[in-house]
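Geometric and topological summary
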Amino acid sequence: MKYILALDQGTTSSRAILFDRSGRPAAVAQQEFRQIFPQPGWVEHDANEIWASQLAVARQVLQQSGSAQVEAIGIANQRETTLLWDRKTGRPLANAIVWQDRRTAARCDELRKLGKAELIQQKTGLILDSYFSGTKLQWLLDKIPGARARAKKGELAFGTVDSWLIWNLTGGRIHATDASNASRTLLFNLHTLQWDDELLRIFDVPRSVLPEVVPSSGLVGATDVGLFGVLIPIAGVAGDQQAATFGQACFSPGMAKNTYGTGCFMLMNTGTRAVASRNRLLATVGWCGPPSVGQRTAYCLEGSVFMAGATIQWLRDGLQMIQSAPEVEALARLVPDTGDVYLVPAFTGLGAPDWDSYARGTLVGLSRGTTRAHIARAALEAIALQVGDVFAAMALDSGIALKELRVDGGACRNDLLMQMQADYLGVPVVRPQITETTALGAAYLAGLATGFWTDASVISEQWCVERRFEPRMSTAERSFKQLRWREAVKRSRAWAL
């Protein structure tokens, strides 16, 4: 049997999945790693733990599959998370600064005051925010003694997680990223598809630290033989949300998906044109250069919700209301509604469309009758209502009334949440048979580059519906809930200023 190995490096865990020609998983392994919170608003990962966990699960699935032949590796990764390492030793200079981290919010404020926000958005398609890599990298170069001087000498390498994995998989031979990941750094011109000198000056980043930008589907290199005993081509790379969009077969303009992971990320294919958002969404590269998708760059509109599955983790780890994430559905079903309780999970600020780095988590509407079940239900509603805000903004930006939303990610298996989502959007929510679409998209990109799959039509045929959730809520009730939700969001704004 021949397979594609997908490495899905996420915010809280690393996974490896072997996919067969039918697009079905044949072996899966997953390993969580530490979340480091040095102070409020800061989130870090140990880069060596990221690599160790990813290598371990890759070896595990290969061991499970026995004599399986792996045709290629595809990589999907948590985006924006920023790493800096020594080119000679391969050692990180500091912990990785995670995409959720807000330590550079003040630097973004300074750049806004200098009038740089509009230029940055025009060139990158991104909102000036500490979510992205540019100010994180600048912070590392400024704060680590001697780092800036060493970077200018070419001794250091910057990368998002895909670059870190490629570097380690190839034994330090290749320093590369793909266009979808590069487009999340604030340093990459969305229109020229190149690192931009003006942006590099704004963020004071020397070009010498940057990785080479390669296609999302195409041969990047091969693994070091010492890792798996054989050379395996690395042939697909994409940021996790772009990979999920590809895995959901959203190949035509106007098709959209939402991934329920640590955060929620809705992407809509806008074709070969980057759409400038008027409603504080992001324009981003979807994927670049898969030969079987016409040797072109596909762009997407994106709305990012920072806290989705992480909100349920907070109920489990912070409040200790549940022992495992799946328990939240049963707890929330104990009550018919939230009792007018609203949770705004702005623990690390608000993403689209509010973009408030200084918002903080807020729980409003509590009474003596409020129970754990009401808070659990409010947590699920918060996820669905945040996605609803993004959905509305996307329809306005695109001029397209979306007829359905394809969903994936761990939390999409929560039937109550998916019904809430359909109710708050007013359109059907469609869950595919295979919900591991992030890993599947990475596998498809690698498989198309190596001939494992012939073209995109094969992928479209493999996509199958598992369940459709139809909206049941009246328009009046939906409008009232959205109004109350926006009032709760207002009360969370600018809390940390």
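Before reading further, recall that the structure is shown in the block above.
Report follows, based on the coordinates. Keep in mind that what you see is a predicted model, and the values were worked out from it rather than measured.

A separate point is the sheet that holds strand S5 (residues 69–77). Taken together, six strands build an open sheet; the order of strands is S3-S2-S1-S5-S14-S13 and the sheet is mixed. Among the strands making up the open sheet, the edge pair consists of strand S3 (25–32) and strand S13 (217–222). With strand direction ignored, the average angle separating the axes of adjacent strands in the sheet is 25 degrees. As paired elements, strand S1 (residues 2–9) and strand S2 (residues 13–19) share six bridges and run antiparallel to each other. By the bridge assignment for S2, Asp-8 is matched with Arg-15. In the packing of helix H6 (residues 161–169) onto the sheet, the strands contacted are S1, S5, S13 and strand S14 (233–239), and the crossing angle to S5 comes to about 150 degrees.

This brings us to the pattern of salt bridges. All chains considered together, the criterion is met by 38 salt bridges. Arg-15 is the salt-bridge partner of Asp-8, the closest N and O atoms lying 2.5 Å from each other. This pair shows no difference in class: Asp-8 is buried, exactly as Arg-15 is. With a shortest N-O distance of 2.8 Å, Lys-481 and Glu-381 are connected by a salt bridge. Of this pair, Lys-481 sits in helix H17 (residues 475–492) while Glu-381 sits in helix H13 (residues 372–398); the two residues are 100 residues apart in sequence, bridging distant segments of the chain.

On to the packing of helix H1 (residues 47–64) against H6. Two elements in contact, H1 and H6, have axes separated by 11 Å at closest approach and are oriented at 60 degrees. For the pair H1 and H6, the sense of crossing is right-handed. On H6, the residues touching Ala-47, Asn-48, Ile-50, Trp-51 and Gln-54 of H1 are Val-161, Trp-164, Leu-165, Asn-168 and Leu-169. Tallied by class, residues from the contact of H1 with H6 come to seven nonpolar, three polar and no charged.

Here we take up the packing of aromatic side chains. Considering all chains together, one arrives at 18 aromatic pairs under this definition. Aromatic side chains Tyr-131 and Phe-132 sit 4.6 Å apart centroid to centroid with 40 degrees between the ring planes, which places their arrangement in the tilted category. Phe-132 carries the same exposure label as Tyr-131, and that label is buried. Relative to Trp-355, the ring of Phe-306 lies with its centre 5.9 Å away and its plane at 75 degrees, an arrangement referred to as edge-to-face. Of this pair, Phe-306 sits in the loop between strand S18 (297–305) and helix H11 (309–318) while Trp-355 sits in the loop between strand S19 (342–344) and strand S20 (362–364); the two residues are 49 residues apart in sequence, bridging distant segments of the chain. Judged on exposure class, the residue Phe-306 and its partner Trp-355 are both buried. Grouped by ring-pair contacts, the aromatic residues Trp-99, Tyr-131, Phe-132, Phe-265, Phe-306 and Trp-355 constitute a single cluster. Positioned over the ring face of Trp-42 is Arg-103, at 3.7 Å from the centre of the ring.

Residue position: Gln-9 is located in strand S1. For Gln-9, the contacting residues outside a window of four places in its chain are Ser-14, Phe-33, Ile-50, Gln-54, Ala-76, Asn-77, Gln-78, Val-161 and Leu-165.

With mixed pairing, seven strands are arranged side by side in an open sheet as S17-S18-S16-S15-S21-S22-S23. Each edge of the open sheet carries a strand with a single partner, namely strand S17 (282–288) and strand S23 (465–469). On average, each strand axis in the sheet is tilted by 30 degrees relative to the strand beside it, whichever way the strands run. Looking at chain direction, strand S16 (residues 264–271) and S18 are connected through seven bridges and run antiparallel. Residue Asn-269 lies in a different strand from S18, and its bridge partner there is Cys-300. Along the sheet, helix H10 (residues 240–247) contacts strand S15 (256–260), S16, S17, S18 and strand S21 (405–408); its crossing angle with S17, the most-contacted strand, is approximately 60 degrees.

Thresholds applied
Residues numbered from 1 in each chain as written. Predicted model: local features only at pLDDT ≥ 70, side-chain atom pairs only at ≥ 80, totals over all residues. Heavy atoms only, no water. Pairing = 2+ DSSP bridges. Helix = DSSP H or I, 4+ residues; strand = E, 2+ residues; numbered from the N terminus. Axes fitted to C-alpha atoms, helices over the stretch in contact; angles between N-to-C directions. Contact = heavy atoms within 4.5 Å. Salt bridge = Lys/Arg side-chain N within 4 Å of Asp/Glu carboxyl O. Buried < 20%, exposed > 50% of the residue type's maximum accessible area, 1.4 Å probe, protein only. Left-handed = near helix turned anticlockwise from the far one by under 90°. Nonpolar A, V, L, I, M, F, W, Y, C, P; charged D, E, K, R; others polar. Phe/Tyr/Trp six-rings, centres within 6.5 Å; stacked < 30°, edge-to-face > 60°. Lys NZ or Arg CZ within 6 Å of the ring centre and 35° of its normal.

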